[in-house]
Amino acid sequence: MIPEDGESKPPEGASSLRTEVRPLVRLGILLSGRGSNFQAIAKSIRDGRLKGVEIAVVISNVGEAAGISTAQQLGLPHEVLVSKGRARAEHDADVVRRLREHRADLVCLAGYMRLLSPEFISAFPNRILNIHPSLLPAFPGLDAQQQAFDYGVKWAGCTVHFVDEHLDHGTIILQRAIPVLDDDDAHSLAERILAEEHIAYGEAIARVVSGAWEIRGRRYVKR
Ligand code: GRF
């Protein structure tokens, strides 16, 4: 171990041998359903492709969300906080409290079908990510893949962005685009976009936890 006092100097060249022990960034995953993006994130961590992070907790606002069963199978901390019938501010305050109790640093919305209250957003400034299955700002909201298909776009894709108080609106971290094929239907297009989502979310998390970025205006740029 290298002493911390400035007096004793490590031998020449020793600095290159130093392994900095950085604490893992703890992810709080919020979902409402299937949970395939959560599963992709968990797999990337387990396979060592997404480094420096761990999953602190998976929280669903829907009792029967398949993603919660997956979290259970993977042995990850998980909770259900049912939102139905509750005021947004009240429910969000509970979610924020549980995220804090699990010491989550970064919140990842992974098919979380709720708008967040301003209080929730300010509890994690630039620390809440969302994935959306379109090339924003095109086709925000529900059924984005169907919207894109019906519009007749030639390129579709997904966006990972910081969350602000507007729907599918915050600063874009990254996008992945795919061509729409002549023989696609909305279903095949959605499936191919989902495959891109599973790559994009892990990449975006890695970029954010690297800390080598800044936001200029609406732009996320590397430092
Ligand atoms: C994904 O298409 C995501 O982009 C959107 O909701 C869907 C969630 O899918 N926000 P899953 O639950 O991650 O499988």
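Below you will find a few notes about this structure. (Residues numbered from 1 in each chain as written. Predicted model: local features only at pLDDT ≥ 70, side-chain atom pairs only at ≥ 80, totals over all residues. Heavy atoms only, no water.)

### As for the nonpolar core
Phase 1: Core analysis: the biggest nonpolar cluster contains 40 residues, and Ile-29, Phe-38, Leu-129, Val-160, Tyr-201 and Ile-205 have the highest contact counts within it.
Phase 2: It is helix H6 (residues 186–210) that provides the largest number of residues to this core, a total of 7 residues.
Phase 3: The contacts of Ile-29, once residues within four sequence positions are left out, are Phe-38, Ile-41, Ile-55, Val-57, Val-58, Ile-59, Cys-108 and Ala-110.
Phase 4: If you look at the next biggest cluster of nonpolar residues, it comprises 18 residues, including Leu-30, Phe-120, Ile-121 and Phe-124. (Core = buried A, V, L, I, M, F, W, Y, C linked by side-chain atoms within 4.5 Å. Buried < 20%, exposed > 50% of the residue type's maximum accessible area, 1.4 Å probe, protein only. Helix = DSSP H or I, 4+ residues; strand = E, 2+ residues; numbered from the N terminus. Contact = heavy atoms within 4.5 Å.)

### Topic: the pairing of strand E5 (residues 128–132)
Phase 1: Judged by how many residues are buried, E5 sits mostly within the fold: 5 of 5 residues are covered.
Phase 2: The side-chain alternation of E5 yields two buried faces, one formed by Ile-128, Asn-130 and His-132 and the other by Leu-129 and Ile-131.
Phase 3: Summarising the sheet, strand E4 (residues 106–109) and E5 pair through 3 bridges and their orientation is parallel. For Leu-109, the partnering residue across the bridge sits in E5 and is Asn-130.
Phase 4: Crossover E4 to E5 through helix H4 (residues 118–123) is right-handed.
Phase 5: Pairing analysis gives 4 bridges linking E5 to strand E6 (residues 155–162), with the strands arranged antiparallel. In the strand pairing of E6, Ile-131 is matched with Val-160. (Pairing = 2+ DSSP bridges. Right-handed = clockwise from strand over helix to strand, strands pointing away.)

### Regarding the layout of surface pockets
Phase 1: As a volume, the largest pocket reaches approximately 810 Å³.
Phase 2: What lines the largest pocket is a set of 33 residues, and nearest its centre among them are Gly-111, Tyr-112, Met-113, Ile-131 and Pro-133.
Phase 3: Secondary-structure elements contributing two or more residues to the lining of the largest pocket are helix H1 (36–46), E5, helix H5 (144–151) and H6. (1 Å grid on protein atoms, 1.4 Å probe; cavity = no way out; pocket = protein on both sides within 12 Å on 5 of 7 lines; lining within 4 Å. Points joined across faces, edges and corners; volume = space filled by probe spheres on them.)

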